[in-house]
Amino acid sequence: GVIAIHGGAGSDITPENLSPQRKADYLQGLVTALRAGHARLQNGDSALDAIESAVRQMENDPVFNAGRGASLALNGNAELDASIMDGATRTAGAVTGVTRVKNPITLARAVMERSPYVMLTGPGADEFAIDQNLERVDNSYFLTPGRLAQLEQIRALGGGPINTATIPYHPSDHPTKDVEKHGTVGAVARDRSGSLAAATSTGGMAGKRYGRVGDSPIIGAGTFAENATCAVSTTGHGEFFIRWAVASDVAARMRYGAISLDRAASDIVLKDLQAVGAEGGLIALDSKGNAALPFNTPGMYRGVVTESGDIYIGIFDTMMNAKDL
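Conventions used here
- Residues numbered from 1 in each chain as written.
- Predicted model: local features only at pLDDT ≥ 70, side-chain atom pairs only at ≥ 80, totals over all residues.
- Heavy atoms only, no water.
- Axes fitted to C-alpha atoms, helices over the stretch in contact; angles between N-to-C directions.
- Helix = DSSP H or I, 4+ residues; strand = E, 2+ residues; numbered from the N terminus.
- Parallel < 35°, antiparallel > 145°, perpendicular 65-115°, else oblique.
- Contact = heavy atoms within 4.5 Å.
- Nonpolar A, V, L, I, M, F, W, Y, C, P; charged D, E, K, R; others polar.
- Expected span 1.5 Å × (residues − 1).
- Buried < 20%, exposed > 50% of the residue type's maximum accessible area, 1.4 Å probe, protein only.
- Core = buried A, V, L, I, M, F, W, Y, C linked by side-chain atoms within 4.5 Å.
- Phe/Tyr/Trp six-rings, centres within 6.5 Å; stacked < 30°, edge-to-face > 60°.
- Pairing = 2+ DSSP bridges.
- Arc of directions from axis to C-beta.

Participant: Hey, could you go over the packing of helix α2 (residues 47-60) against helix α3 (residues 104-114) for me, with residue numbers and the actual values?
Facilitator: Two elements in contact, α2 and α3, have axes whose closest approach is 8 Å; the angle formed by their N-to-C orientations is 150°. The angle between the axes of α2 and α3 places the two elements in the roughly antiparallel class. Across the interface between the two elements, L48, D49, E52, V55, R56 and E59 from α2 touch P104, I105, T106, R109, M112 and E113 from α3. Here the residues of the contact of α2 with α3 sort into five nonpolar, one polar and six charged.

Here is the structure:
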């Protein structure tokens, strides 16, 4: 099996903004998540099991903008979004505005497998988690010192989405300090049976208005999978990714244009999105297990485990073998 993951893309992911400690935290987080997902594939488990395990791992790691350590809305709460899709059946599940569920991706999967719906929002989604006996936490569980400090800076600058370049960043800051506006986590996998699956989870935009929803929980925008073409998870400026229906467009270009995954993905990210100033990237796998990980920002936290079990991770232009860490 093959699995690829991302931990967000952004204009502020630059060598200058990334202290050695923080860089190490991200790379370690990527490797740990990749190993968690790959172990499931090795075990003969499904692509769905693999991506859920990888995303749960990143939701639990406060370095990423998902689950614990998620960006905070302007009202000071963590409002979490997640979605998952099965390429074999094209069934999907999504949740938005979740505030009490430890692992939103597991709730999204429960919506897909144990309800007649695709998407549940807010209190209704939180309540469904009680029915499903999923682990619940107080909203304070998600809050980290770095995210609280980030929110204070956003409020001091007048609130609302901001240009994070105006926020000073010092390597000596708290290790979970984060100045990214966006950032999401996601995973795509192909299992032994050749099935594909995709998942995405996020805390959303830092300082977002209460109730704002980005592309991460939107099937076809942030997440998409169908065995015949590809599995996709995106990260970036969600409003654009919704309007350009990015995830499903990758599959459509392959389906109708008979072009490769690499070409379809890079045309969207490096040409179409770039042309309208939409920042971000995506990860994708095709039916043969080929991976594409294009991004039009200075950096995107990403990694892939190949069929042979080699782990490659990267933040900027080049990816390295995890053995060389």
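Now that the structure has been shown, the text picks up again.
Participant: Describe in detail helix α7 (residues 246-257), supporting the description with residues and values.
Facilitator: Given 3.6 residues per helical turn, the α-helix brings residues three or four places apart onto the same face. The terminal C-alpha atoms of α7, which comprises 12 residues, lie 16 Å apart, in line with the 16 Å expected from a rise of 1.5 Å per residue. Looking only at α7, the buried set comprises V246, A247, V250, A251, A252 and M254. Here the buried face of α7 lies against β7 (223-225), β8 (230-236), α6 (238-243), α8 (261-275) and β9 (280-286). Backbone geometry just after α7 places A258 at a positive phi near 50°.

Participant: I'd like a description of the nonpolar core, backed by residues and values.
Facilitator: Counting 56 residues, the largest nonpolar core has I3, I5, I51, I84, V95 and L107 as its most contacted members. One finds F240, A247, L282 and V304 within the second-largest nonpolar core, a separate group that totals 36 residues.

Participant: An account of the packing of aromatic side chains is requested, with residue identities and associated values reported.
Facilitator: Across all of its chains, the model carries four aromatic pairs by this definition. Ring plane angle 65° and centroid distance 5.5 Å describe the contact between Y26 and F64, whose orientation is recorded as edge-to-face. Pair noted here: Y26 is in helix α1 (residues 20-42) and F64 is in the loop between α2 and β2 (80-86), with a separation of 38 residues, a long-range link. Each member of the pair, Y26 as well as F64, is classed as buried. Ring geometry for F240 against W244: centres 5.9 Å apart, planes inclined by 40°, an arrangement best described as tilted. Here W244 falls in the partly exposed class, since its relative accessible area comes to 31%.

Participant: Account for the sheet that holds β9, naming residues and giving values.
Facilitator: Taken together, four strands build an open sheet; the order of strands is β7-β8-β9-β10 and the sheet is antiparallel. In the strand order of this sheet, the two ends are held by β7 and β10 (291-292), each with one partner. In this structure, β9 lies alongside β10, joined through two bridges in antiparallel fashion. Counted as the bridge partner of A284 is A292 from β10. The sheet strands contacting α8 are β8, β9 and β10, and the helix crosses β9 at an angle near 165°.

Participant: Kindly report on the sheet that holds strand β1 (residues 2-10), identifying the contributing residues and their values.
Facilitator: Here we have nine strands laid out as an open sheet, ordered β4-β3-β2-β6-β5-β1-β11-β12-β13, and mixed in their pairing. Only two strands of the sheet have a single partner each, and these edge strands are β4 (119-121) and β13 (319-321). Across this sheet, the average inter-strand angle for adjacent strands is 10°, counted without regard to direction. Bridging between β2 and strand β6 (residues 196-202) involves six bridges; their strand directions are antiparallel. Among the inter-strand pairings, A82 is bridged to a residue of β6, identified as S201. Sheet strands in contact with α1 are β1, β5 (185-190), β11 (299-305), β12 (311-314) and β13, and its direction is about 150° off that of β1.

Participant: Can you explain the side chain of H38? Please cite residues and give values.
Facilitator: Within the secondary structure layout, H38 lies in helix α1. Those residues in contact with H38 that lie beyond four places of it in its chain are G1, I3, V305, T306 and G309.

Participant: Tell me about the environment of D267, and name the residues and values.
Facilitator: Its location among the elements puts D267 in helix α8. Placed 21 residues apart in sequence, D267 and K288 show a C-alpha to C-alpha distance of 20 Å. Beyond its immediate chain neighbours, meaning those up to four positions away, D267 contacts R253 and D272.

Participant: Provide a residue-level description of the side chain of K102, including the pertinent values.
Facilitator: Mapped onto the secondary structure, K102 falls in the loop between β3 (91-98) and α3. In contact with K102, not counting residues within four places along its chain, are E59, N60, E135, R136, V137, Y141 and F142.

Participant: How would you sum up helix α4 (residues 122-131)? Please name residues and give values.
Facilitator: All of the buried residues along α4 are G122, A125, D126, F128 and A129. Looking straight down α4, one finds its buried side chains confined to an arc of 155°; they lie on one side. Turned more than 90 degrees away from the buried face of α4 sit P123, E127 and D131, all of them exposed. Those residues of α4 that are buried lie in contact with β3, α3 and β4. N133 sits one or two residues past α4 and shows a positive phi near 55°.

This is a description of form; function is not addressed.
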